[in-house]
Amino acid sequence: MENIYFDNAATTRLDDKVLEEMVPYLKENYGNASAIYKLGREARKAVEESREKIAKILNCKPNEIYFTAGGSESDNTAIKGIARANRKKGNHIITSKIEHPAVLETCRELEKEGFEVSYISVDENGILNLEELKNAIKPTTILITVMFANNEIGTIQPIEEIGKIAKENNIYFHTDAVQAVGSLEIDVEKLNIDSLSMSGHKFYGPKGIGALYVKTGVQFDKFISGGHQERNKRAGTENVAGIVGMGKAIELAYENLEEHNKKIKELRDYYIEQVKEKIPYIKINGDLEKRLPGNSNISFRFIEGEGLLLNLDLKGICASSGSACTSGSLDPSHVLLAIGLPHEIAHGSLRISIGKYNTREEVDYLVENLVEIVNRLREMSPLWEKFIEEGNK
């Protein structure tokens, strides 16, 4: 087998139906959506239709959806935009220790501007400590930003409870839902979400296109200055083909969501059971129930994740040892450290994220090679040798 792809949390293959929908807006209907002639009007119509599709899925108004270049821009726009626009009300922000770098780095930048940020702990499964969150609230708190589901360990946060806490305290609530959209039902009204980030390439749409939901009445500063696109909040010529693709992708994702998730979860559970049966001295990271359907994160003791990935790659298997945005780093995952894993175990983690194109045969191929690679790497490890000599203590 060649190019067996198990890194769907990093990005997904473009759905053929999505590409088919996009092609006319790259060729015949290539007009600028801001132009008043027919080509421009056709482009504008396509943009607004996609906005309506996304709004329908989230249960919000179309004019509460703003198109961006992706999840990171959406996070930056929401967090910086809300913080700066509401600075007269306060300067305190609350987030969690396991957020995506697009959130954590944005918060650190705001700290340099004089904002105060509280970083809330999570338990051993990656679930936010709600009591710590409540206790962190101050009269100056203006924003809570907590991810919907974690990109590394797949844990789904108690978003409804967080939204309720935020609403009761008159605090804006933003969630990075980049991993959740396309996999989970999301109703922003029911969940009391004031702002939400998403990215098209996480649910079989194109790269380079994202969206930001901001509830009517929530003040936020623009992130990109220039023209008057996106109701004067996001300057730049609209990526019409990307927007059309994202609209089609989200529509397809929610047409058969339950059936799609059932298949993926069955494959994920089968993979975990096979690994548990065939490879000793492992630790499954993240909550086993409150978890994204395709996510598996397992730490293999006595080996390095980098070596594991390289050897899998030689077998044509694509996987990850953490988030794609930080995989170039030799430091252990901040998420795994936050849930209490020691450095040596965190270093040996493997994230497998199963998608709709994966098969049972591919999972069998993965497990077969994983068993061989883990055994070989352990035989080369002085830590493993010491562990055996000491009687497996």
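Whatever comes next refers back to the structure up there.
**As for the pairing of strand E7 (residues 195–199)**
Consideration 1: Extensive coverage of E7 is indicated by the burial of five of its five residues.
Consideration 2: With burial as the criterion, each face of E7 is covered, one bearing Ser195, Ser197 and Ser199 and the other bearing Leu196 and Met198.
Consideration 3: The sheet contact formed by strand E6 (residues 172–176) and E7 spans three bridges and is parallel. Bridging across to E7, histidine 174 finds its partner in serine 195.

**Considering helix H13 (residues 360–379)**
Consideration 1: Over its 20 residues, H13 runs 29 Å from end to end, which matches the ideal 28 Å to within 8%, given 1.5 Å per residue.
Consideration 2: Glu362, Val363, Tyr365, Leu366, Val367, Asn369, Leu370, Val371, Ile373, Val374, Leu377 and Arg378 are the residues of H13 that are buried.

**Side note on the nonpolar core**
Consideration 1: Judged by nonpolar contacts, the single largest core of 55 residues is most densely connected at Leu58, Phe148, Ile186, Leu196 and Met198.
Consideration 2: Sorting the residues of this core by element identifies helix H1 (16–22), helix H2 (38–58), strand E2 (65–68), helix H5 (130–136), helix H6 (159–168), E7, strand E8 (210–214) and helix H8 (240–255) as the ones contributing at least two each.
Consideration 3: The biggest single contributor to this core is H8, with 10 residues.
Consideration 4: Once residues within four sequence positions are removed from consideration, leucine 196 is found in contact with Leu58, His174, Thr175, Ala177, Val181, Ile186, Val188, Ala211, Leu212 and Tyr213.
Consideration 5: Residues Tyr271, Leu370, Ile373 and Leu377 belong to the second largest nonpolar core, which totals 29 residues.

**Observations concerning the sheet that holds strand E4 (residues 116–120)**
Consideration 1: The strand order across the open sheet formed by seven strands is E2-E8-E7-E6-E5-E3-E4, and the pairing between neighbours is mixed. The outermost strands of the open sheet, each flanked by one partner alone, are E2 and E4. Going across the sheet, the axis of each strand differs from the next one's by a mean of 20°, ignoring polarity.
Consideration 2: Pairing of strand E3 (residues 92–96) with E4 involves five bridges; the strand directions are parallel. Considered in E4, the bridge of isoleucine 94 is made with serine 118.
Consideration 3: Each of E2, E7 and E8 is contacted by H2, which is oriented at about 120° to E2, the strand it contacts most.
Consideration 4: Sitting on the sheet, helix H4 (residues 101–112) touches E3, E4, strand E5 (141–145) and E6, and the angle it makes with E4 is about 150°.

**Observations regarding the pairing of E8**
Consideration 1: Counting buried residues along E8, five of its five residues qualify, which places the element largely inside the surrounding structure.
Consideration 2: Alternating positions in E8 separate into two faces, Gly210, Leu212 and Val214 on one and Ala211 and Tyr213 on the other, with burial throughout.
Consideration 3: Across four bridges, the pairing between E2 and E8 is antiparallel. Its bridge partner lying in E8, phenylalanine 67 is registered against alanine 211.
Consideration 4: Looking at chain direction, E7 and E8 are connected through five bridges and run antiparallel. Note on E8: the bridge partner recorded for serine 197 is leucine 212.

**Some words on unusual backbone geometry**
Consideration 1: Here the phi dihedral of asparagine 232 falls at roughly 65°; this positive angle occurs in a residue that is not glycine.
Consideration 2: Structurally, asparagine 232 can be placed in helix H7 (residues 229–232).
Consideration 3: Asparagine 232 gets classed as partly exposed once you look at its relative accessible area, which sits at 33%.
Consideration 4: Despite not being glycine, phenylalanine 302 has its phi angle at roughly 75°, a positive value.
Consideration 5: Structurally, the position occupied by phenylalanine 302 is in the loop between strand E10 (295–300) and helix H10 (305–314).

**Focus on empty space enclosed by the protein**
Consideration 1: The final tally for this structure, using the stated rule, is two cavities of 30 Å³ or more.
Consideration 2: Its volume calculated, the largest cavity comes out at about 260 Å³.
Consideration 3: Around the largest cavity, the lining comprises 20 residues; the ones closest to its centre are Asn8, Gln179, Ser183, Lys202 and Ile354.
Consideration 4: When its residues are assigned to classes, the lining of the largest cavity shows nine nonpolar, 10 polar and one charged.
Consideration 5: Residue lining of the second largest cavity: Tyr66, Thr68, Glu73, Thr77, Leu212, Phe220, Lys233 and Arg234, and that is the complete set.
Consideration 6: The set of elements that each furnish at least two residues to the lining of the second largest cavity consists of E2 and helix H3 (71–85).
Consideration 7: Tallied by class, residues from the lining of the second largest cavity come to three nonpolar, two polar and three charged.

**A look at the environment of asparagine 239**
Consideration 1: The topology assignment puts asparagine 239 in the loop between H7 and H8.
Consideration 2: Once the C-alpha coordinates of asparagine 239 and phenylalanine 67 are considered, the two residues, 172 residues apart in sequence, prove to be 8.7 Å apart.
Consideration 3: For asparagine 239, the residues in contact, after removing those within four places along its chain, are Gly208 and Ile209.

**With respect to the packing of aromatic side chains**
Consideration 1: Evaluation of the coordinates by the stated rule reveals eight aromatic pairs.
Consideration 2: Centroid distance phenylalanine 302 to tryptophan 384: 5.4 Å. Interplanar angle 65°. Geometry classified as edge-to-face. Linking phenylalanine 302 in the loop between E10 and H10 with tryptophan 384 in helix H14 (residues 382–389), this pair joins segments that are 82 residues apart in sequence. Of the two residues examined, phenylalanine 302 and tryptophan 384, each falls in the buried class.
Consideration 3: An aromatic cluster of three or more residues is present, and its members are Tyr281, Phe302, Trp384 and Phe387.
Consideration 4: Just above the ring of phenylalanine 220 sits the side chain of lysine 233; from NZ or CZ to the centre is 4.3 Å.
Consideration 5: Directly above the ring of tyrosine 270 sits arginine 360, whose terminal nitrogen or CZ lies 3.7 Å from the centroid.

**What about the side chain of serine 320?**
Consideration 1: One can find serine 320 in the loop between strand E11 (317–318) and helix H11 (334–338).
Consideration 2: Classification of serine 320 as buried rests on a relative accessible area of 4%.
Consideration 3: When neighbours within four sequence positions are excluded, serine 320 is seen to be in contact with Asp7, Leu309, Ser349, Leu350 and Arg351.

Conventions used here
Residues numbered from 1 in each chain as written. Predicted model: local features only at pLDDT ≥ 70, side-chain atom pairs only at ≥ 80, totals over all residues. Heavy atoms only, no water. Buried < 20%, exposed > 50% of the residue type's maximum accessible area, 1.4 Å probe, protein only. Helix = DSSP H or I, 4+ residues; strand = E, 2+ residues; numbered from the N terminus. Pairing = 2+ DSSP bridges. Expected span 1.5 Å × (residues − 1). Core = buried A, V, L, I, M, F, W, Y, C linked by side-chain atoms within 4.5 Å. Contact = heavy atoms within 4.5 Å. Axes fitted to C-alpha atoms, helices over the stretch in contact; angles between N-to-C directions. 1 Å grid on protein atoms, 1.4 Å probe; cavity = no way out; pocket = protein on both sides within 12 Å on 5 of 7 lines; lining within 4 Å. Points joined across faces, edges and corners; volume = space filled by probe spheres on them. Nonpolar A, V, L, I, M, F, W, Y, C, P; charged D, E, K, R; others polar. Phe/Tyr/Trp six-rings, centres within 6.5 Å; stacked < 30°, edge-to-face > 60°. Lys NZ or Arg CZ within 6 Å of the ring centre and 35° of its normal.

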